[in-house]
Amino acid sequence: MKNIKHILLHYFEWSRTVYLITIALILISAYAINYFPIASEFKPILIYCNLIVALAFHFITRFQPVQGQAPNGFSLKFFQGIPLKKDEIILSVVACSLLSTIPIILCTLLFSEYVNRTFHLNLNALKISINASFILLLLSMVTTKSIIEFPRKEDERKNPFRPFIKILRQSSVSMFAILISLLLFLIVDDYFHWNLAKELLSFLESLPKYLTSWWSTLFFVLFFLYHFFEVHRLWTNEILTYKKQYWNAKKEYALLAISGLGTLFFFMLIDLSTPEIYIGTVQKAVYESKYDLLKNISPEKINTTNYYGVTPMMVAVGHGDLKMIQYLESKGANYEGKIVNEQKLNGMDNIMLAIRRRDLSVLKYISTKTNNLTRLNQELGFYPIHYATGTCQSDVVDYLVEQNVDVNVLNKDGETPLMVSARANCWSVAVVLKEAGAKFDAKDMLGKTALEKIKNPKSKKELVYFFQKNSRVPASK
């Protein structure tokens, strides 16, 4: 322990003053935010500045070359010159990383209450700080492991082109892996009829909750311990440390060639310029805004449909091109038709496509040409107001209310637009519907009210309160 204390003092010798000043600034800022009349708009700026300083100190401390150390704060030559046991060396790296995370932990503990109150969150500061410290310790072990695995840089200096090949290979393999993953994602989603995109968004929305759970803490601890003992294994095994092959030409060039050709083949195989649903000469010309190809088009072809039932007008509406919509209209195009043979968009008409595009100007224009605003979409089983509500478009819902759309109309599941807004956790739409006379006590086919449809009610306390307040029966006078 005495030797570890010695190396810690040596390690922080150059940054001791900066370290103490950083901690002092964080403490002073926290005190000022809580006890001094600081303007509300300056408080988040002050918090962000403190967090940036804390992060900068950590990464500069871990990656700044110090007295011959490598750019990641660890060098075999540096530590071999100090009379330390190998176990003590690894522990000193952990201790240095842990000490440099203290400013970040302080920021998390001191400012979390203000952040939770401002953004209506319910995050546990202790869990966040513990998880953050283990994540940073994990990064420290990973970088240390990479230096131990490849301690000799003579080969790199003799062959400066090799690092470039390695970076090129890593980038190419990463790109190829992303494309393959995307392709598999789309295939699985289409084949099993899973709404993976929606599930992914739901997972990302709940990610802060997962990252601050004790299960994630256990995961980070176990992952850190794995890397810690892996570093120990490599460090104490001379054969693994010094005889590990640094450059494998066959591996590097083979992976580069396979991933490069695979990526090229992927882009040649798939036409990413025009969505498949817009197949057809006229549809493609509309999507690409090629007016010269549409100049002499006949009235019969202007309303032609492709395999998906998509007309040229539906392409223009789905693309949000108001100029093209007006041009096609002048050529005799109508607003009839619905999408078929396409799982995600099946049953969509022009009104639904305009709402999906989130373009109110297009919706306003085409709604004067068709009466579909108040018509039930039989294929989808709901009205346009349900779709706008479910996608949390308060401006569109406001416009539909202005057009005298029934705000208590039912979809195929007996849900009102207000129930859909609760299910989508959309407060702004719920306010619009309330002002338009939406019924908070209505029940769907399963007997559930809008209040009972709110997802994650524990983290949506203000939204729950809004529905509870408006669901109360007024006291009799």
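Located above this text is the structure these notes cover.
Basis of the calculations
- Residues numbered from 1 in each chain as written.
- Predicted model: local features only at pLDDT ≥ 70, side-chain atom pairs only at ≥ 80, totals over all residues.
- Heavy atoms only, no water.
- Helix = DSSP H or I, 4+ residues; strand = E, 2+ residues; numbered from the N terminus.
- Buried < 20%, exposed > 50% of the residue type's maximum accessible area, 1.4 Å probe, protein only.
- Contact = heavy atoms within 4.5 Å.
- Areas by Shrake-Rupley, 256 points an atom, 1.4 Å probe, with all protein chains shown as cover.
- Polar contact = N/O pair within 3.5 Å; in protein donor to acceptor, adjacent residues only side chain to side chain.
- Phe/Tyr/Trp six-rings, centres within 6.5 Å; stacked < 30°, edge-to-face > 60°.
- Arc of directions from axis to C-beta.
- Core = buried A, V, L, I, M, F, W, Y, C linked by side-chain atoms within 4.5 Å.
- Salt bridge = Lys/Arg side-chain N within 4 Å of Asp/Glu carboxyl O.

The next thing to look at is the overall build of the protein. A count of helices and strands for the protein gives 25 helices and zero strands. Scored against the burial criterion, the 477 residues of the protein give a buried share of 41%. Sequence separation of at least 24 residues holds for 70% of the intrachain contacts in the protein that already meet a minimum separation of 6. Within the structure as shown, the protein displays about 27900 Å² of accessible surface, and the carbon and sulfur contribution to it stands at 63%.

Tracing the sequence through the fold places serine 129 in helix H7 (residues 125–149). A polar side-chain atom of serine 129 sits 2.8 Å from the main-chain carbonyl oxygen of leucine 126. The contact partners of serine 129, leaving out residues within four places of it in the chain, are Ile105, Thr108 and Leu109.

Structurally, asparagine 50 can be placed in helix H3 (residues 43–63). One polar contact links asparagine 50 to serine 29, side chain to side chain, over a distance of 3.0 Å. Excluding anything up to four places from it in sequence, asparagine 50 contacts Leu25, Ile26, Ser29, Cys107 and Phe111.

The way to describe two aromatic rings as a pair is by their centre distance and the angle between their planes. All chains considered together, the criterion is met by 14 aromatic pairs. Between tyrosine 278 and tyrosine 287, the aromatic rings sit 5.1 Å apart at their centres with planes inclined by 45°, giving tilted as the arrangement. Ring plane angle 70° and centroid distance 6.0 Å describe the contact between phenylalanine 440 and phenylalanine 466, whose orientation is recorded as edge-to-face. Linking phenylalanine 440 in the loop between helix H24 (427–435) and helix H25 (461–471) with phenylalanine 466 in helix H25, this pair joins segments that are 26 residues apart in sequence. Residues phenylalanine 440 and phenylalanine 466 agree in their burial class; the two are buried.

A few words on H25. Within the sequence span of H25, burial applies to Leu463, Val464, Phe466 and Phe467. Down the axis of H25, the buried set is contained in an arc of 155°. They therefore lie on one face. On its buried face, H25 sits against helix H23 (417–423) and H24.

As a further point, take the nonpolar core. One finds Ile325, Leu328, Leu363, Ile366 and Phe467 to be the most contacted residues of the largest nonpolar core, which totals 65 residues. Once you skip the residues sitting within four places of it in the chain, phenylalanine 467 turns out to touch Leu418, Ser421, Ala422, Ala430, Phe440, Ala450, Leu451 and Ile454. Ranked by size, the runner-up nonpolar core spans 14 residues in total, among them Tyr19, Ile47, Phe111 and Leu136.

What follows is about the pattern of salt bridges. If you walk through the whole model with that rule in mind, you get seven salt bridges. With a shortest N-O distance of 3.0 Å, glutamate 288 and lysine 290 are connected by a salt bridge. Residue classification places glutamate 288 among the partly exposed residues on the basis of a relative accessible area of 29%. Residue classification places lysine 290 among the partly exposed positions, given a relative accessible area of 36%. Put simply, glutamate 329 and lysine 369 hold a salt bridge, and the shortest N to O gap is 3.7 Å. One end of the pair, glutamate 329, is in helix H18 (residues 322–330); the other, lysine 369, is in the loop between helix H20 (360–367) and helix H21 (384–390), with 40 residues separating them in the sequence. By relative accessible area, glutamate 329 is classed as partly exposed at 24%. What emerges from the salt-bridge pattern is a single network uniting Glu415, Arg423, Asp444 and Lys453.

Purely spatial values, then, with no claim about function.
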